[in-house]
Amino acid sequence: KIIDYPRVPFPLALDLAEATYALGGSCKPVTAADKLGKKMTGAFTAIIGSAGKFRLLTSKGGLLQTTDLFKSVKLAYSEEEKKEELIEAFLSPPLYSAIAAKFNGLQLPMQILDKVLAKEMGVDPDAAPMVAQHFVKSAKWLGILENDRLVLPTSTGNGQAAIVEPTISDEPVN
């Protein structure tokens, strides 16, 4: 069994959503790449896929479109509400919500997080170090990892629980 996960840190996916929003909320991937000063490569495709996993963008009919969740980030009434919406997006991938459910309020086992992801959460052992690194980098960027302790709000802006039970997919990860 394989759990689907983002292949880039959250801030890179957010940058792509911001660029798409600045281009009217809908654009071709190459247009967004140009706006970010990037080329249409496999690495850029990974950013697009990750933005989808974080529920910041959809990709349909050859167009990127910002989601309602991303619009909630942009239209937040306060920095606190914006942070809650960003955390909701960050926890959208099933693997990330599973990590949050397991470690909220606890120290992340930084030295062995990759092994925990591989052994307990179904991440490919070869990908686990990168996945752990992206999770930690993103959590620090969001301000929810303090002294290696994962600290999440109890709810998101829409009143729903921030942590959802993970769903494990048999689909291969691209």
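For the structure itself, consult the block above.
In short, a report on the structure. Since we're looking at a predicted model, the values are computed, not measured.

**Some words on the nonpolar core**
Among the nonpolar cores identified, the biggest contains 51 residues, and F90 and L117 are the most heavily contacted of them. Sorting the residues of this core by element identifies helix 1 (10–22), helix 2 (29–35), helix 3 (42–53), helix 4 (68–74), helix 5 (79–90), helix 6 (94–103), helix 7 (113–121) and helix 8 (128–142) as the ones contributing at least two each. A per-element tally of this core places helix 8 first, with 7 residues. The contacts of F90, once residues within four sequence positions are left out, are F10, F54, Y96, F135, S138, A139, L142 and I144.

**Digging into the packing of aromatic side chains**
What describes a pair of aromatic rings is the distance from one ring centre to the other and the angle between the planes of the rings. Using the criterion set out here, one finds 9 aromatic pairs in the structure. The interplanar angle of 55° and the centroid separation of 6.1 Å between the aromatic rings of F10 and W141 together place this pair among those described as tilted. Residue F10 is located in helix 1, and its partner W141 is located in helix 8; the two are separated by 131 residues in the primary sequence. By relative accessible area, which is 0% here, F10 ends up buried. For the ring pair Y21 and F70, a centre distance of 5.6 Å and an interplane angle of 65° mean the geometry is edge-to-face. Here Y21 is found in helix 1, whereas its partner F70 is found in helix 4, with 49 residues between them in sequence. A residue is classified by how much of its surface remains accessible, and Y21, at 32% relative accessible area, is partly exposed.

Calculation notes
- Residue positions are given per chain, counted from 1 along the sequence in the order it is written.
- Selection of residues for local features in this predicted model requires a pLDDT of at least 70, selection of side-chain atom pairs for listing and counting requires 80 or more, and totals for whole chains, interfaces and linings are taken over all residues.
- Computation of side-chain values covers all heavy atoms of the structure but excludes hydrogens and water.
- By nonpolar core is meant a set of buried Ala, Val, Leu, Ile, Met, Phe, Trp, Tyr and Cys residues that side-chain atoms within 4.5 Å join together.
- Each residue's exposure class comes from its accessible area (1.4 Å probe, protein chains only) as a fraction of the maximum for that residue type: buried when under 20%, exposed when over 50%, partly exposed otherwise.
- Comment: elements are numbered from the N terminus, with helices defined as DSSP H or I runs of at least four residues and strands as E runs of at least two.
- Residue contacts are counted whenever heavy atoms from the two residues lie within 4.5 Å of one another.
- Only centres within 6.5 Å qualify two rings of Phe, Tyr or Trp (six-membered ring in Trp) as a pair; their planes then separate them into stacked at under 30 degrees, edge-to-face at over 60, and tilted for everything else.

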